[in-house]
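# A structural walkthrough
Given next are the chains, with one letter for each unit.
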Amino acid sequence: MNKNYNSEKVFEIISGWFDENREALIALSNRIWNLAEVGYKETLSAEALTNELKSRGFTVKLGLKNLPTAFVAQWCNGTGPVISFLGEYDALPNMGYEIADAPKPTGKNGHACGHNLLGAGTLSAAAAAKEVMEKLNIKGTLRYYGCPAEECCAAKAEMAANGDFDGTDAVLRWHPQNFTYVSMASTLRLNELRFRFRGISAHAQTQPHLGRSALDAVILTDIAVKYMRELIPDNHIRISRAITNGGGQLPTVIAGYAEIFYAVSAASREDSQNVINRMIKIAKGIAMATETEVEIVYGAACSEVLPNKAISECMLENLKKVGAPKWTEEEKAFAAKLDEDTSPIDKARTMAIYNITDPRVLETPLYEGISENMIENGIGLFSTDSADPSWVAPMGSLFAACAPVGSSVHSWPFTVCSGMSIGHKAMEVAGKTLVLTAVNLIANENVLKNAKAEHKRLLAARPYINPQNLVFES
Ligand SMILES: [Zn+2]
């Protein structure tokens, strides 16, 4: 234990820092919420975060290999552990909503995953950790990784492949959620692929015999993949899709080109590979049958999270010290309105995904308290590119309640809550918990030593393979 470490003193410095900086953090979060820039277009959001980090004494490198809106901000006061925080700031297309208790779409992009809170809250942790280390003369390095395009493009997996996280001793992250907990659950890995069909355009009424329809190929592929889903193991495999090019605007033109875009999520590399190879067979078979040609384009990919018990336990202790967000009666009444159209059974189903099965949870519109269930050995039914840094260094994952119980991320209530006091409270709880955990990892060598030993043990049994590296049917 570092001789300058004193848990009461650390808590006092952190509380003082948040009292002094609360308004500035809320303003930063709201600015990113209003900008609502989508993946790889987060220029102004990245600028807002990097300006703030520079003004607080961090050295910033904006623009990493092939990723102009990614950045690393670093502060170092001597030899010691390197603690990295993961920040995000991308929005979702067409998810803009006014702050109101009924859905009022703005027609713009929006923060329906709360990444504005994530970006600003993580910054608060890095900046407050610096303050503690300066005041108590604790040596080490802090890094804030500005990670773009989480929603669309798995930028962190690319950053991991490029070696951007190298030299990190531990990684800390948080994400907005509908309840408050530390997660030991893994996640689903993800592989994206597109089938681009090329046919022959012709007049659909006068010369249909000359045409070969790429749209038909897309529709038949979509149907065949749906049939295939009845015949694959019920093993947390998710196949979702968007028809990103329907072949044109006019029914009188036979579609010469059309595209279907798939996201395949699975709990293991073997499952991903197996399912994707069967989908490729379908697309090739349909191309043959429709006399079109298919081009297969592989897209973003990310791994499953490798959880770390040593960091998670330390984080949960710190979360309990900070305490859960405390809601006012007005906030509870407002949240209840956001959720009033969701049936109790659907809410229960949503919470059961996270192993929250106590029916009393549904009696309150906003989650109170802290769930001590870390969902160890569980699998979160979603994918995140935060998984890939967890294979580089041990990682702790925190989730803080900032939306109605039973609501879904990527929905309008999340956009609304992320731009108001409900989200701001979650952001502060997360920021304080992350900074306490960072200081623990730097000042108490045992926690970090255990975390690293556990990480090494897991990696020895299961080495990291770049998630892009599946063996596809030729
Ligand atoms: Zn998200």
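## Describing the overall build of the protein chain
- Scanning the protein chain for helices and strands turns up 14 helices and 11 strands.
- Here the C-alpha radius of gyration of the protein chain, 24 Å, is about what a compact globule of 474 residues would show, namely 23 Å.
- C-alpha atoms of the protein chain, sized along the principal axes, occupy 85 × 50 × 40 Å.
- Taking as baseline every contact in the protein chain between residues at least 6 positions apart, the subset at least 24 positions apart corresponds to 82%.

## Thoughts on the domain arrangement of the protein chain
- Domain annotation of the protein chain identifies domain 1 (7-186 + 304-461) and domain 2 (189-302).
- A C-alpha centroid distance of 35 Å is found between domain 1 and domain 2.
- Residue-level contacts link 11 residues of domain 1 with eight residues of domain 2.
- Its residues placed into classes, the side of domain 1 that touches domain 2 shows six nonpolar, two polar and three charged.

## Describing the sheet that holds strand β8 (residues 238-245)
- Strand order in the open sheet formed by four strands is β8-β9-β7-β10, and the pairing between neighbours is antiparallel. With one partner strand each, in any of the chains shown, β8 and β10 (293-302) form the two edges of the open sheet. Between one strand axis and the next, the sheet turns by 20° as a mean value, whatever way the strands run.
- Where β8 meets strand β9 (residues 257-266), seven bridges bridge the pair, whose relative direction is antiparallel. Each residue of the ladder has a partner; that of Ile239, found in β9, is Val264.
- Strands in contact with helix α6 (residues 214-228) are β7 (189-198), β8 and β9; relative to β9, the strand with the most contacts, it is inclined by about 20°.

## Some words on the sheet that holds strand β6 (residues 181-183)
- The strand order β1-β2-β4-β3-β5-β11-β6 describes an open sheet built from seven strands, whose pairing is mixed. One side of each edge strand has no neighbouring strand; the edge strands of this open sheet are β1 (59-64) and β6. On average, each strand axis in the sheet is tilted by 25° relative to the strand beside it, whichever way the strands run.
- Judged from the seven bridges that link them, strand β3 (residues 82-88) and strand β4 (residues 141-147) form a sheet pairing that is parallel. Directly across from Ser84, in β4, lies its bridge partner Arg143.
- The strands touched by helix α3 (residues 115-136) are β2 (67-76), β3, β4 and β5 (170-177); relative to β3, the strand with the most contacts, the crossing angle is about 155°.

## Digging into the nonpolar core
- Ala129, Val132, Val435 and Ala438 are the most contacted members of the largest nonpolar core, which has 145 residues in total.
- Inspection of this core shows a minimum of three residues originating in each of domain 1 (7-186 + 304-461) and domain 2 (189-302).
- With residues up to four places along the chain from it excluded, the contact list for Val132 reads Val10, Ile13, Ile14, Ile138, Val435 and Val439.

## A short note on unusual backbone geometry
- Here the phi dihedral of Asn66 falls at roughly 65°; this positive angle occurs in a residue that is not glycine.
- Here Asn66 shows up in the loop between β1 and β2.
- A positive phi angle is found at Asn377, which is not glycine, with a value near 65°.
- As for its placement among the helices and strands, Asn377 is situated in the loop between α10 (344-352) and α11 (389-392).

## Some points on the packing of helix α1 (residues 7-35) against α3
- Their axes nearest at 9 Å, the elements α1 and α3 cross at an angle of 150°. In terms of axis orientation, α1 runs roughly antiparallel to α3. Pair α1 / α3 crosses with right-handed handedness. On the side of α1, the interface is formed by Lys9, Val10, Ile13, Ile14, Trp17, Phe18, Asn21, Leu25, Leu28, Ser29, Ile32 and Trp33, while α3 contributes Asn116, Leu117, Gly119, Ala120, Ser124, Ala128, Glu131, Val132, Lys135 and Leu136.

## Thoughts on the packing of helix α8 (residues 309-322) against helix α13 (residues 421-443)
- Between α8 and α13, the least distance of the axes is 9 Å, while the angle of their chain directions is 130°. Between α8 and α13, the angle falls in the class oblique. Viewed along their axes, α8 and α13 form a crossing whose handedness is right-handed. Listed contacts from α13 to Cys314, Met315, Asn318, Leu319, Lys321 and Val322 of α8 are Val429, Lys432, Thr433, Leu436, Thr437 and Asn440.

## Observations concerning the environment of Val82
- Here Val82 lies in strand β3.
- Residues within four places of Val82 in sequence aside, it is in contact with Thr141, Arg143, Gly167, Thr168 and Asp169.

## Description of helix α7 (residues 269-290)
- With 22 residues, α7 should reach 32 Å at 1.5 Å per residue; the first-to-last C-alpha distance of 32 Å fits that figure.
- Residues of α7 that are buried include every one of Ser272, Val275, Ile276, Met279, Ala283, Ile286, Ala287 and Thr290, and no others. Along the long axis of α7, the arc covered by the buried residues comes to 115°, so they all point the same way. Of the exposed residues in α7, the ones pointing more than 90 degrees away from its buried face are Glu270, Met288 and Ala289.
- Considering only its buried residues, α7 is in contact with β7, α6, β8, β9 and β10.
- Downstream of α7 by a residue or two, Glu291 has a phi angle that is positive, lying close to 55°.

## Things to note about the environment of Pro103
- When you line up the elements, Pro103 lands in the loop between β3 and α3.
- Under the C-beta neighbour-count criterion, Pro103 is labelled partly exposed, with 14 such atoms within 10 Å.
- Put simply, Pro103 and Trp33 are 70 residues apart on the chain and 17 Å apart in space, counted from C-alpha to C-alpha.
- Beyond its immediate chain neighbours, meaning those up to four positions away, Pro103 contacts Tyr97 and Trp412.

Cut-offs used in this document
Sequence order as written defines residue numbering, which begins from 1 separately in each chain. Per-residue local features are limited, in this predicted model, to residues with pLDDT of at least 70; the limit for side-chain atom pairs, both in listing and counting, is 80 or more; totals at the level of whole chains, interfaces and linings are taken over all residues. Strands here mean DSSP runs of E at least two residues long; helices mean DSSP runs of H or I at least four residues long; both are numbered from the N terminus. For the radius of gyration, the atom set is restricted to C-alpha positions; the globular benchmark scales as 2.2 Å times the number of residues to the power 0.38. Throughout, a pair of residues is in contact if the C-beta atoms placed from their backbones lie within 7 Å. Boundaries between domains were set according to an automatic or database domain assignment. When residues are grouped by polarity, Ala, Val, Leu, Ile, Met, Phe, Trp, Tyr, Cys and Pro land in nonpolar, Asp, Glu, Lys and Arg in charged, and all others, Gly among them, in polar. Two strands are said to pair when DSSP picks up at least two bridges between them. A fitted line through C-alpha atoms serves as each axis, taken over the contacting stretch for helices, and the angle formed by two N-to-C directions is quoted from 0 to 180°. By convention in this section, buried Ala, Val, Leu, Ile, Met, Phe, Trp, Tyr and Cys residues joined through C-beta atoms within 7 Å make up a nonpolar core. To sort residues by burial, count the other C-beta atoms lying within 10 Å of each one's C-beta; a count of 20 or more means buried, 12 or fewer means exposed, and anything in between means partly exposed. C-beta atoms are built from the backbone. Angular relationships are summarised with four words: roughly parallel below 35 degrees, roughly antiparallel beyond 145, roughly perpendicular across 65 to 115, and oblique for the angles in between. Crossing handedness: left-handed means the near helix sits turned counterclockwise from the far one by under a right angle, and right-handed means the same turn made clockwise. The span you would expect from a helix comes to 1.5 Å times its residue count less one. By arc we mean the arc of the directions from the helix axis to the C-beta atoms, nothing more.

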